[in-house]
Amino acid sequence: MSETTSIELIIMSGPDDGTVLNLSTPKQGGAYIIGRREDCDVILPYDSQISRQHASLTIKGGTWYVEDLHSRNGTYVDKQKIETPTPVKHAEMFRVGRTWLRLKYRGTKE
């Protein structure tokens, strides 16, 4: 049985604060891409601190991981700058640029 790629991302800051994004299938490959470009899965055009392709979200072994894609301003999980793919727990917040996001697992037990 393959792993579910359905997740919710909740924007927790900025002009889209409170917006819930229901993601079910990545646009390309097996990762959701977060950035300012139109071809990203999560487009955050208002945050000038976000790179065109800033970070990715992938699932492995039932755990979601966020990875910085060599962005200029970094990606943070719980206020800690990450350098390698880092696990993100259900309902945990992470930051790209100046925008905080909360990841909610769907299709898995809490």
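Look a little higher up for the structure.
Cut-offs applied
- Residues numbered from 1 in each chain as written.
- Predicted model: local features only at pLDDT ≥ 70, side-chain atom pairs only at ≥ 80, totals over all residues.
- Heavy atoms only, no water.
- Helix = DSSP H or I, 4+ residues; strand = E, 2+ residues; numbered from the N terminus.
- Rg over C-alpha atoms; globule rule 2.2 N^0.38 Å.
- Buried < 20%, exposed > 50% of the residue type's maximum accessible area, 1.4 Å probe, protein only.
- Pairing = 2+ DSSP bridges.
- Salt bridge = Lys/Arg side-chain N within 4 Å of Asp/Glu carboxyl O.

The helix and strand tally for the protein chain stands at zero helices and eleven strands. Going from the N terminus to the C terminus, the protein chain shows its helices and strands as β-β-β-β-β-β-β-β-β-β-β. Computed over C-alpha atoms, the radius of gyration of the protein chain comes to 13 Å, within 12% of the 13 Å expected from 2.2 N^0.38 for 110 residues, which places it in the range of a compact globule. Considering the protein chain as a whole, with its 110 residues, one finds that 40% of them fall into the buried category.

Turning our eyes to something else, we now look at the pairing of strand β10 (residues 93-96). The side-chain alternation of β10 yields one buried face, formed by Phe-94 and Val-96, and one unburied face, formed by Met-93 and Arg-95. The pairing of β10 with strand β11 (residues 99-105) spans four bridges and is antiparallel. Within β11, the position partnered with Met-93 by the bridge is Arg-102. Hairpin connection from β10 to β11: two residues lie between these consecutive antiparallel strands, with Gly-97 at a positive phi of about 55°.

Attention now moves to the pattern of salt bridges. The tally for this structure, following the rule as stated, stands at two salt bridges. Between Arg-37 and Asp-39 there is a salt bridge whose closest N-O contact spans 2.7 Å. Using a relative accessible area of 35% as the deciding quantity, one classes Arg-37 as partly exposed. Its relative accessible area of 27% is what places Asp-39 among the partly exposed residues. In this structure, Arg-98 engages Asp-47 in a salt bridge whose closest nitrogen and oxygen atoms are separated by 3.6 Å. Of this pair, Arg-98 sits in the loop between β10 and β11 while Asp-47 sits in the loop between β4 (42-43) and β5 (55-60), placing them 51 residues apart in sequence. Judged by its relative accessible area of 2%, Asp-47 is buried.

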